[in-house]
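Residue-level structure breakdown
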Amino acid sequence: MQARLAPLLFIDDDKPTTRVARPSPVAPAARSPRALAKAATKHTPGDLPVHSFGILLADLATICLNQIQPADPALPGFRLITTPTALQRQALDLFGVSHRLGVT
């Protein structure tokens with residue numbers, strides 16, 4: 001999961017660049033310019049806030065399905081899913097899933 005969410009996390013998501021720039025396999029690993037930029041600005045290149053894995057999961061946990069039952073019993077109840085934020089949409093896109101998760 002962390003590998004898929006790496007573009008939104010404080011994780012280096014551009015390891016091929018650092019491998020090419022590394023002079024020797026035994027040399028200390030260095031962070032890529034993209035990872036350094038994310039750490040410095042605390043934002044992704046798409047201007048979304050960068051999070052730790054736990055905080056991002058907690059943010060995704062706020063998407064919920066609400067069962068709405070009007071006070072008037074003659075009116076039918078309905079379900080309503082919260083609208084994801086831009087960050088939540090990006091995370092779900094990285095997984096290739098919808099926030100609706102089969103709910104119609």
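Since the structure is predicted, the reported quantities are computational estimates derived from the model, not experimental observations. (Residues numbered from 1 in each chain as written. Predicted model: local features only at pLDDT ≥ 70, side-chain atom pairs only at ≥ 80, totals over all residues. Heavy atoms only, no water.)

Helix and strand content of the chain: 5 helices and 2 strands. In the chain, the succession of helices and strands from N to C terminus is α-α-α-α-β-β-α. By the compact-globule yardstick of 13 Å for 104 residues, the chain is too spread out, its C-alpha radius of gyration being 20 Å. In terms of its C-alpha atoms, the chain occupies a principal-axis envelope of roughly 75 × 25 × 20 Å. Counting all 104 residues of the chain, 24% fall into the buried class. When the accessible area of the chain is evaluated, it comes to approximately 7,000 Å², of which 63% is carbon and sulfur surface. For the chain, the distance from the average position of its 11 positive side-chain charges to the average position of its 7 negative side-chain charges is 8 Å. (Helix = DSSP H or I, 4+ residues; strand = E, 2+ residues; numbered from the N terminus. Rg over C-alpha atoms; globule rule 2.2 N^0.38 Å. Buried < 20%, exposed > 50% of the residue type's maximum accessible area, 1.4 Å probe, protein only. Areas by Shrake-Rupley, 256 points an atom, 1.4 Å probe, with all protein chains shown as cover. Lys, Arg positive; Asp, Glu negative; His and termini not counted. Charge placed at Lys NZ, Arg CZ, Asp CG, Glu CD.)

Mean pLDDT over the chain works out to 90, with 99% of the residues at or above the 70 mark. The lowest-confidence element of the chain is helix H2 (residues 15-21), averaging 79 in pLDDT; the highest-confidence one is helix H4 (residues 53-60), averaging 96. (pLDDT = per-residue confidence, 0-100.)

Below, the discussion takes up the nonpolar core. Ranked by size, the top nonpolar core spans 12 residues in total: Leu5, Leu8, Leu9, Leu48, Leu56, Leu60, Ile63, Ile81, Leu87, Ala91, Leu92 and Val103. Within the residue set of this core, elements represented by two or more residues are H4 and helix H5 (86-95). It is H5 that contributes the most residues to this core, 3 residues altogether. If near-sequence neighbours (up to four positions away) are discounted, leucine 9 is found in contact with Gln2, Lys38, Val50, His51, Ser52, Phe53 and Leu56. (Core = buried A, V, L, I, M, F, W, Y, C linked by side-chain atoms within 4.5 Å. Contact = heavy atoms within 4.5 Å.)

Quick look at H5 now. Residue pairs spaced three or four apart in an α-helix point in one direction, given the helix's 3.6 residues per turn. Among all positions of H5, only Leu87, Gln88, Ala91 and Leu92 are buried. Down the axis of H5, the buried side of the element spans an arc of 130 degrees, and every buried residue falls inside it. Looking at the buried positions of H5, the neighbouring elements they touch are helix H1 (2-5) and H4. Taken from the residues just after H5, glycine 96 is the one with a positive phi, measuring 75 degrees. (Arc of directions from axis to C-beta.)

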